[in-house]
Amino acid sequence: MRQALVAIVLLAGLGAATVALAEPPSGIVHEPGGSEHSKAQLGAGLFAANCASCHGPLGEGVERANDRGAGGIAAQGPSLRGVGELAPDFYLRTGRMPIAHAGEEPERQRPLFNSREIAAISAYVAGFGGGPKVPHPHPDYGSPVEGMSLFTEHCAGCHQIVGEGGYVSGAKVPVLQHANATEIAEAVRIGPFLMPKFPKSQISDADLDKIVAYVLASQHPDDRGGLGIGHLGPVPEGIVAWLVAAFALTGVCVLIGSRLKT
Amino acid sequence: MKRRAELGIAFLLLGAAACAVMFLVVYALGWPHMTQYLGLCLGAALALLAAALILTSAKLFPADAEEVVEDYPPTEHPMDQHEADQVLSDAGGRFTRKRLLGGAATAAGAALGAALLAPAASFGPFLDTKSFYYSPWRRDRRLVDEDGEPLRAAEIETETFYTAYPENAYREELAAPLVVVRLEPGELEMPAGRKGWTPEGIVAYSKICTHAGCAIALYRTPRFGAAEPGPALVCPCHYSTFDPARGAEVTFGPAGRPLPQLPLLVDSKGDLRAAGEFSGPVGPAFWGVRTRRPSSS
């Protein structure tokens, strides 16, 4: 009986070790017993464990590639002073952080922290030097029609007119189909990765509401004819048209040929 | 039967010619919604031409004509036949119809050819390129935004971009719009001869791409400059990429030369003004651009 118990404990230990080894080396560390900590403690602990190696223990950033961040880990990352709650909320809520290397494009993924952890880290980062709060856009107040013309002017050059994304020199442009109102507003104000930021002097909060209203509307397009063909605009639609025309013309050729034979 | 067909063909060909002439008239008058009318005229001309060709093949060269294999019997009365030919040729009925057909075909061909060549006039002045060099920018002309408000140097932020127009000037001119960005003065590596063009690190370039004339509508701004690609002005049409910190030199894409730069100054009120004229001709290159290009770019 006791031998069986020892065996079970050993096996469980081995299993845990295997799981620990299987975790990627850059995997995140959750605060053990996180629910018992205060928000400030939780934020500080999570930041120290997951963010400080690249962003520095006080969010001062690690500018040069050979510098060493917290814990002597060779890493690199931008300063977080003055980014406020807005940037960490966006990057963590969309799973864009953490990334493996500086310079890699942060992409939307399943978020690795829960809402409480994100709020704690965001508040902690905002403590480094103030900065903007998480925005609360009101897409219900904005007209998607005006939003479309603003989106065309400011966003569609990279994100395409229905927010399908694409490529620009140096970056993959993210698809906007899964972004919620807050994330869209945050991205406009931050300008993540290679995107420019749009301060209030460029896009007012009222205009931002319209843009958000349009992007949300574009996530459920009313496809006339039933098929969106990727929503990528005239190029795929043109290719489909050519395919249909090719079949039709081939049919006409066959018809003409068969008539001449008789 | 054949006679009626020939008249019909001539009629269709003349119709095609008339439509092609109409195309020329519409093009010359420059009507509103001109392209729709141009398309209509050209489409009708081609449709009538096609109808004429179909009628020709169906009526004048009937399919069963090839099956006539029997030779004419040898001439029995050469003199009589010669006389008959003479009479026929004098009567001339068939001869004029043939000429009518030929004339109609020539008219249709000439009119359609002229209609197809005429739009080349839209390429612009052929030899006189002086108007291509026109620019509304002069020293001390103020930069204003879309609403006509002056652009203040202190309000220009980094990591975003602004569109500016010349104050009190026609904005639809190719050389009117500018893209204005602020960079860290330490990042700037301007070409020789452009000292003092960039007060406080604010740079201004023509917003018109030097490749195909699209508007430079994209500004790439790295969030973390140490590890990400540097700032760039990008044209959304063909992704020509210009480095704003190095006199808008081309770093990627099909553009053949840098964006022309406008020297700036900040006046006593803090507004941005032009400090001179563009460093080169604006917009897509045209004949003579390279020779008249200033040596600095």
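Up top you'll find the structure we're talking about.
In this report, we go over the structure that sits alongside the text.

So, how was this worked out
Residues numbered from 1 in each chain as written. Chains lettered and ligands numbered in written order. Predicted model: local features only at pLDDT ≥ 70, side-chain atom pairs only at ≥ 80, totals over all residues. Axes fitted to C-alpha atoms, helices over the stretch in contact; angles between N-to-C directions. Helix = DSSP H or I, 4+ residues; strand = E, 2+ residues; numbered from the N terminus. Parallel < 35°, antiparallel > 145°, perpendicular 65-115°, else oblique. Contact = placed C-beta atoms within 7 Å. Nonpolar A, V, L, I, M, F, W, Y, C, P; charged D, E, K, R; others polar. Pairing = 2+ DSSP bridges. Buried ≥ 20, exposed ≤ 12 C-beta atoms within 10 Å, placed from the backbone.

### Details of the packing of helix H6 (residues 144-154) of chain A against helix H9 (residues 205-218) of chain A
All names here are of chain A.
No. 1: Two numbers describe how H6 lies on H9: the axes approach to 7 Å, and their chain directions differ by 95 degrees. With respect to H9, the element H6 is oriented roughly perpendicular. Residues Pro144, Glu146, Gly147, Met148, Leu150 and Phe151 of H6 lie in contact with H9, whose contacting residues are Asp207, Lys210, Ile211, Ala213, Tyr214, Val215 and Ala217.
No. 2: Counted by class, the contact of H6 with H9 contains nine nonpolar, one polar and three charged residues.

### A word on the sheet that holds strand S8 (residues 249-252) of chain B
Residue and element names in this part refer to chain B.
No. 1: Spatial strand order, S5-S6-S7-S8: four strands in an open sheet with antiparallel pairing. Of all strands in the sheet, those bounded by a partner on one side alone are strand S5 (218-220) and S8. Ignoring strand direction, the axes of neighbouring strands in this sheet form an average angle of 35 degrees.
No. 2: One ladder, built from three bridges, connects S5 with strand S6 (residues 232-234); its direction is antiparallel. Across the sheet, tyrosine 219 pairs through a bridge with leucine 233, a residue of S6.

### Topic: the sheet that holds strand S1 (residues 143-144) of chain B
No. 1: Reading across from one edge, S1-S2-S3-S4-S9 (chain B) is the order of the five strands in this open sheet, with antiparallel pairing throughout. Only two strands of the sheet have a single partner each, and these edge strands are S1 and strand S9 (261-262) of chain B.

### Thoughts on the interface of chain B and chain A
No. 1: In this assembly, 23 residues from chain B lie in contact with 22 residues from chain A.
No. 2: Elements represented by at least two residues in the side of chain B that touches chain A include exactly S5 and S6 of chain B.
No. 3: The dominant element in the side of chain B that touches chain A, judged by the number of residues it contributes, is S5(B), at three residues.
No. 4: In terms of residue class, the side of chain B that touches chain A is built from 14 nonpolar, three polar and six charged.

### Re unusual backbone geometry
No. 1: Cis geometry is adopted by the peptide bond preceding Pro98(A), which originates at Met97(A) and carries an omega value of 0 degrees.
No. 2: One can find Pro98(A) in the loop between helix H4 (86-93) and helix H5 (115-126).
No. 3: With a phi close to 75 degrees, Asp140(B) is a non-glycine residue in the positive phi region.
No. 4: Residue placement: Asp140(B) occurs in the loop between helix H4 (93-117) and S1.
No. 5: Of note in this structure, Asn168(B) is not a glycine but carries a positive phi near 55 degrees.
No. 6: When you line up the elements, Asn168(B) lands in the loop between strand S2 (161-166) and strand S3 (178-182).

### Thoughts on the environment of Glu60(A)
Residue and element names in this part refer to chain A.
No. 1: Structurally, glutamate 60 can be placed in the loop between helix H3 (52-55) and H4.
No. 2: As for glutamate 60 and leucine 80, which are separated by 20 residues in sequence, their C-alpha atoms are 6.3 Å apart.
No. 3: With residues near it in sequence (within four places) discarded, glutamate 60 still touches Ser79 and Arg81.

### A look at helix H8 (residues 181-190) of chain A
Residue and element names in this part refer to chain A.
No. 1: Buried residues dominate H8, accounting for eight of its ten residues.
No. 2: Residues Ala181, Glu183, Ile184, Ala185, Glu186, Ala187, Val188 and Ile190 constitute the buried set of H8.
No. 3: Here the buried face of H8 lies against H4 and H9.
No. 4: Looking one or two residues beyond H8, the residue adopting positive phi is glycine 191, at roughly 70 degrees.

Any functional reading would require information beyond the geometric quantities listed.
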